[in-house]
Amino acid sequence: ADGYNPLSVLIPVARAGGITSVVSTPDGGLVSGVSAWADLRGDSPTEAIRDAALALHVNFDDEGFGAAFGARSATMSALREVFDAARLYARSRAGWDRGDFREIHEGDVSRLDLETLATAAAGDLPVVVHVSRADDIVRILALSADLDLDLVLTGVEEGWIVAAEIAAANVPVILRPLADLPTTFSTLRTRYDNAALLEDAGVRVVLMTQGAWDVHNLRQEAGNA
């Protein structure tokens, strides 16, 4: 919400394409931050922002692996540590004030970060995990079940491979239908009919565009899905 610009020139272009509201998402690192829901009208953030804390965003992809020095195992451990710290914080905020907490991953999680993470750990804030590879998707589903998170998956370029597992977990996905190229080693099995195959398996599918600059192409994405 703090980064949303209601006077951006991208907004009238998106509105000309029929888009009336958007989700503005954070980017980078292992835990990026919190997304916001905005209506594409109004000249101030107060007028535009409808939900300033829509979901917590986590990267279990190349960005997240990079933040954990490139290893999937280290990334998974870091995620568990962060949520463990958030639960500990929720049980003992006074302990945090006294400095009783052990150092957690990267050593730079603030009290406000822990407040948000604790809300997500309690199931009161959806956790959107950016993940691409099929086996990584299965790992995130297992982690979410262990931690009892309100999980949403996004990216899921190889989701069609594990569509049955996603459907069984009753986890919705957010994906871009026009993603069709193996741009990374985590997306080698990307295919055009990913959205259709996931929907056929009973997965709830939400469509998105690649970024803010092409939001007006959402109808094209939907057509290709």
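These remarks concern the structure in this document. (Residues numbered from 1 in each chain as written. Predicted model: local features only at pLDDT ≥ 70, side-chain atom pairs only at ≥ 80, totals over all residues. Heavy atoms only, no water.)

Regarding the pairing of strand 2 (residues 31–39)
Then, number 1: Looking at chain direction, strand 1 (residues 21–24) and strand 2 are connected through four bridges and run antiparallel. Residue pairing in the sheet places Val22 in a bridge with Ala38 of strand 2. (Pairing = 2+ DSSP bridges. Helix = DSSP H or I, 4+ residues; strand = E, 2+ residues; numbered from the N terminus.)

Examining a nonpolar patch on the surface
Then, number 1: The grouping of Val9, Leu10 and Trp213 at the surface amounts to a nonpolar patch, some 340 Å² of accessible area in total.
Then, number 2: Residue Leu10 is classed as partly exposed on the basis of its relative accessible area of 36%. (Patch = residues over 30% accessible without salt bridge, like charges linked within 9 Å, V, L, I, M, F, W, Y side chains within 5 Å. Areas by Shrake-Rupley, 256 points an atom, 1.4 Å probe, with all protein chains shown as cover. Salt bridge = Lys/Arg side-chain N within 4 Å of Asp/Glu carboxyl O. Buried < 20%, exposed > 50% of the residue type's maximum accessible area, 1.4 Å probe, protein only.)

Some points on the side chain of Ser35
Then, number 1: Mapped onto the secondary structure, Ser35 falls in strand 2.
Then, number 2: Within polar-contact distance, the side chain of Ser35 engages the side chain of His57 at 2.9 Å. (Polar contact = N/O pair within 3.5 Å; in protein donor to acceptor, adjacent residues only side chain to side chain.)

Some words on the environment of Thr25
Then, number 1: With respect to the helices, strands and loops of the structure, Thr25 is situated in the loop between strand 1 and strand 2.
Then, number 2: Between the C-alpha atom of Thr25 and that of Ala78, which follows or precedes it by 53 residues, the distance is 22 Å.
Then, number 3: Other than its neighbours up to four places away in sequence, Thr25 contacts Ser35 and His57. (Contact = heavy atoms within 4.5 Å.)

Re the packing of aromatic side chains
Then, number 1: Using the criterion set out here, one finds one aromatic pair in the structure.
Then, number 2: For the ring pair Phe60 and Phe65, a centre distance of 5.1 Å and an interplane angle of 85° mean the geometry is edge-to-face. Side by side, Phe60 and Phe65 carry an identical accessibility label, which is buried. (Phe/Tyr/Trp six-rings, centres within 6.5 Å; stacked < 30°, edge-to-face > 60°.)

A few points about the pairing of strand 5 (residues 151–155)
Then, number 1: The buried count for strand 5 comes to five of five residues, which makes it a mostly enclosed element.
Then, number 2: With five bridges joining them, strand 4 (residues 127–131) and strand 5 adopt parallel strand pairing. Bridge pairing in strand 5 links Val129 to Leu153.
Then, number 3: Taken together, the two bridges between strand 5 and strand 6 (residues 173–175) define a ladder with parallel strand orientation.

Concerning the sheet that holds strand 5
Then, number 1: Pairing is mixed across the open sheet formed by seven strands, whose spatial order is 1-2-3-4-5-6-7. Every interior strand has two partners, whereas the edge strands, strand 1 and strand 7 (205–207), have only one. Averaged over all pairs of adjacent strands, the angle between their axes in this sheet comes to 30°, without regard to strand direction.
Then, number 2: Sheet topology note: the strand 2/strand 3 (residues 49–59) ladder contains six bridges and is antiparallel. Note that in strand 3 the partner of Ala38 across the bridge is Ile49.
Then, number 3: Docked against the sheet, helix 6 (residues 111–121) engages strand 2, strand 3 and strand 4, running at close to 85° with respect to strand 3. (Axes fitted to C-alpha atoms, helices over the stretch in contact; angles between N-to-C directions.)

Considerations on the packing of helix 4 (residues 72–91) against helix 7 (residues 134–147)
Then, number 1: Helix 7 packs onto helix 4 with a crossing angle of 20° between their chain directions and a minimal axis gap of 12 Å. As the angle between them shows, helix 4 and helix 7 are arranged roughly parallel. Both helix 4 and helix 7 take part in a crossing whose hand is right-handed. In contact with Arg72, Met76, Leu79, Arg80, Phe83 and Arg87 of helix 4, helix 7 contributes Asp136, Arg139, Ile140, Leu143, Asp146 and Leu147.
Then, number 2: Among the residues making up the contact of helix 4 with helix 7, the classes are represented as six nonpolar, no polar and six charged. (Parallel < 35°, antiparallel > 145°, perpendicular 65-115°, else oblique. Left-handed = near helix turned anticlockwise from the far one by under 90°. Nonpolar A, V, L, I, M, F, W, Y, C, P; charged D, E, K, R; others polar.)

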